[in-house]
Amino acid sequence: MDLINQNLLTLLILLPVIGAFALVGHQMFWKKEEHLKWVTLFITLAIFLLSLLLLTGSSTASSAGFFFEQNVPWIQAINTNYHVGVDGLSLWLVILTTFIMPIAVLSTWHAVEKRPLAFYVFLLLLQSAMVGVFVSLDLLVFYLFFEASLVPMFFLIGIWGGANRIYAAVKFFIFTAFGSLLMLAAIISLYYLHMQATGVGSFDFVTILNSLQTGALSFAPQTGMLLFLAFALAFSIKVPLFPFHTWLPDAHTEAPTAGSVILAAVLLKMGTYGLMRFNFPLFPDASRELAWIFIILAIIGIIYGALVAMVQPDIKRLVAYSSVAHMGFVILGMFSFTEWGMQGALYQMLNHGISTGALFLLVGFIYERRHTREIGQFGGLAIVMPVYATFFVITAMSSIGLPFLNGFVGEFLIMVGMWKSTVLGITTTVNWNYVATMLAGTGVIFAAVYLLWMIQRVFFGRVTNEKNRALTDLSYREIGLMIPLLFLMVFMGVYPKPFLDRSRESVVAIQERVVRQAGGTIEQAQVPTR
């Protein structure tokens with residue numbers, strides 16, 4: 001057991017890769033394609049169960065606050081280490097990744113007919129890269145995993161996507177790869193700046209952060225600003241933050257159901273995670289100085305995403321634009337620099353992964369039956385598919401932010417955090433933080449409009465299309481897929497304490513780094529978790 005604990009994060013990264021090789025070997029010797037999905041399901045379930053051991057490790061945290069930490073030399077010529085670890089910021093994102101993968105596999109049970117071996121291999125390789133992103137503490141290793149996640153998703157969209165899959169896949173790759181290259185330039189610059197200041201170059205995040213905190217390393221204001229922008233651009237594209245969002249609706253719409261679920265649940269969180277993990281601690285001055293820009297863009301994204309979602313004729317595209325709005329809330333909470341807002345932002349990352357992932361699953365279920373996602377093709381589905389309608393309405397209420405469901409907790413904390421913030425300044429006549437909060441609040445109203453209007457047209461009234469009368473309700477497999485997601489929507493809405501308690505120490509440490517660097521005071525009121 002000690003051996004597993006010492007190498008737990010490495011196992012979580014390597015097991016999907018080993019599983020991918022096992023699938024190739026199985027196909028070479030047995031050539032039974034029907035076994036591939038079962039083997040993949042078993043691998044992803046085993047990895048999820050193994051990842052739950054992360055919940056036992058908080059008592060073994062290092063002085064830097066990370067647990068299950070491994071730090072061994074990798075490329076000694078450039079002083080690069082294989083350095084991994086988790087803390088309260090990354091813990092739940094790793095578990096979300098391992099949790100969503102078996103669900104993604106089950107969602108493809110009868111949907112993948114073309115090249116199933118390649119499909120499941122890409123899923124497993126994608127899982128390995130995503131876990132690697134959330135646990136890497138060496139900037140070069142982080143970059144490699146960040147880039148590695150692009151390739152499997154590119155092929156998942158480009159091979160198994162819809163009619164415009166090539167266009168969507170290429171657009172997705174170009175956008176994200178461009179931002180990543182600028183981040184690589186910033187990482188290399190950090191290496192040489194650290195060498196210039198200390199005599200030793202380093203890609204290690206903890207080492208660079210310690211040098212900044214002790215004063216051994218410092219940045220000129222313009223240098224810090226440029227480095228911040230290089231990292232922030234890569235992460236803003238991944239979020240995606242307005243106006244870098246245009247790749248997302250196409251990627252979501254054309255991706256297969258499993259690809260859309262993973263994209264919404266995990267891949268988008270790499271951007272917001274990167275901002276909190278790297279931008280805020282490494283460049284606190286630039287983070288504060290440019291916060292107003294990110295808050296404005298977040299508010300624009302919230303309102304714009306909601307208004308565009310409102311007029312979409314395609315259910316999947318509507319949900320895709322809702323992601324732009326929801327991720328805008330996450331950015332808003334992060335840049336409030338209050339414990340309330342930053343805790344709410346992290347919680348909303350998890351909420352969005354669960355509720356929007358569930359919405360994409362539900363859209364996939366109806367597409368497999370009718371081979372259309374046009375809202376105008378439906379009507380009265382609650383009559384012929386009552387279980388499906390029930391699950392869809394509950395999930396939509398979670399996405400809207402109905403009290404006692406998970407979306408409410410995250411959005412409430414973000415709004416209160418922004419309201420209590422002083423990051424935008426206060427004049428004699430206007431508290432701009434209040435203005436930002438009220439503008440963002442309109443996004444909640446618009447979310448209710450576009451989701452409830454869509455529900456009314458799709459599920460209620462009489463059956464308007466005779467093709468819908470013969471539709472079958474959800475199967476036991478599909479119900480089984482939705483039950484754990486619905487359970488989490490309710491549990492996280494009623495009892496958020498375990499999640500918030502685990503993340504609080506890490507979030508407050510980042511907040512202190514940003515606020516105290518400016519000589520400010522830390523918000524004393526703790527987030528109520530009961």
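Everything quoted here is computed from the prediction, not taken from an experiment.

The rules behind the values
Residues numbered from 1 in each chain as written. Predicted model: local features only at pLDDT ≥ 70, side-chain atom pairs only at ≥ 80, totals over all residues. Heavy atoms only, no water. Helix = DSSP H or I, 4+ residues; strand = E, 2+ residues; numbered from the N terminus. Expected span 1.5 Å × (residues − 1). Buried < 20%, exposed > 50% of the residue type's maximum accessible area, 1.4 Å probe, protein only. Contact = heavy atoms within 4.5 Å. Axes fitted to C-alpha atoms, helices over the stretch in contact; angles between N-to-C directions. Parallel < 35°, antiparallel > 145°, perpendicular 65-115°, else oblique. Left-handed = near helix turned anticlockwise from the far one by under 90°. Nonpolar A, V, L, I, M, F, W, Y, C, P; charged D, E, K, R; others polar. pLDDT = per-residue confidence, 0-100. Core = buried A, V, L, I, M, F, W, Y, C linked by side-chain atoms within 4.5 Å.

Visitor: Would you mind going over helix H19 (residues 386-400) in detail, with residue names and values included?
Guide: Here H19 contains 15 residues, and its C-alpha end-to-end distance of 21 Å stays within 8% of the 21 Å for a straight helix at 1.5 Å per residue. Among all positions of H19, only Tyr388, Ala389, Phe391, Phe392, Thr395, Ala396, Met397, Ser398, Ser399 and Ile400 are buried. Residues of H19 that are buried make contact with helix H16 (315-334), helix H17 (339-370), helix H18 (381-384), helix H20 (406-420), helix H21 (432-459) and helix H22 (476-494).

Visitor: Requested: an account of the packing of H17 against H19, with residues and values cited.
Guide: At a closest axis distance of 9 Å, the pairing of H17 and H19 adopts a crossing angle of 150 degrees. When the interaxial angle is binned, H17 and H19 end up roughly antiparallel. Handedness of the H17/H19 crossing: left-handed. Mapping the contact onto sequence places Ser355, Ala358, Leu359, Leu362, Val363, Phe365 and Ile366 in H17 and Tyr388, Phe391, Phe392, Thr395, Ala396, Ser398 and Ser399 in H19. Here the residues of the contact of H17 with H19 sort into ten nonpolar, four polar and no charged.

Visitor: How would you explain the confidence of the model for the protein chain if you had to name every residue and give the values?
Guide: Low-pLDDT stretches of the model should not have their predicted coordinates read in fine detail. Mean pLDDT over the protein chain works out to 90, with 94% of the residues at or above the 70 mark. Element-level pLDDT for the protein chain is lowest in helix H1 (residues 2-6), with a mean of 72, against a maximum mean of 95 in H19. Segment residues 521-526: pLDDT under 50, and 13 contacts once partners within four positions in sequence are set aside and those in other chains are kept.

Visitor: I'd like to hear about the nonpolar core, residue by residue, with values.
Guide: Ranked by size, the top nonpolar core spans 194 residues in total, and within it Leu54, Phe231, Met334, Phe335 and Leu485 carry the most contacts. Looking at which element gives the most residues to this core, the answer is H17, with 16 residues. Filtering out sequence-adjacent residues up to four positions away, Phe335 remains in contact with Phe228, Leu275, Phe280, Ser287, Ala291, Phe294, Ile295 and Val423.

Visitor: Please provide a residue-by-residue account of the packing of H17 against helix H23 (residues 497-516), values included.
Guide: Between H17 and H23, the shortest axis-to-axis distance is 9 Å and the interhelical angle comes to 130 degrees. In terms of orientation, H17 and H23 fall into the oblique class. At the point where H17 passes H23, the crossing takes the right-handed sense. Contacts between H17 and H23 involve Glu339, Met342, Gln343, Leu346, Tyr347 and Leu350 from the former and Phe499, Leu500, Ser503, Arg504, Val507, Val508, Ile510 and Gln511 from the latter. Taken together, the residues that form the contact of H17 with H23 break down as nine nonpolar, three polar and two charged.

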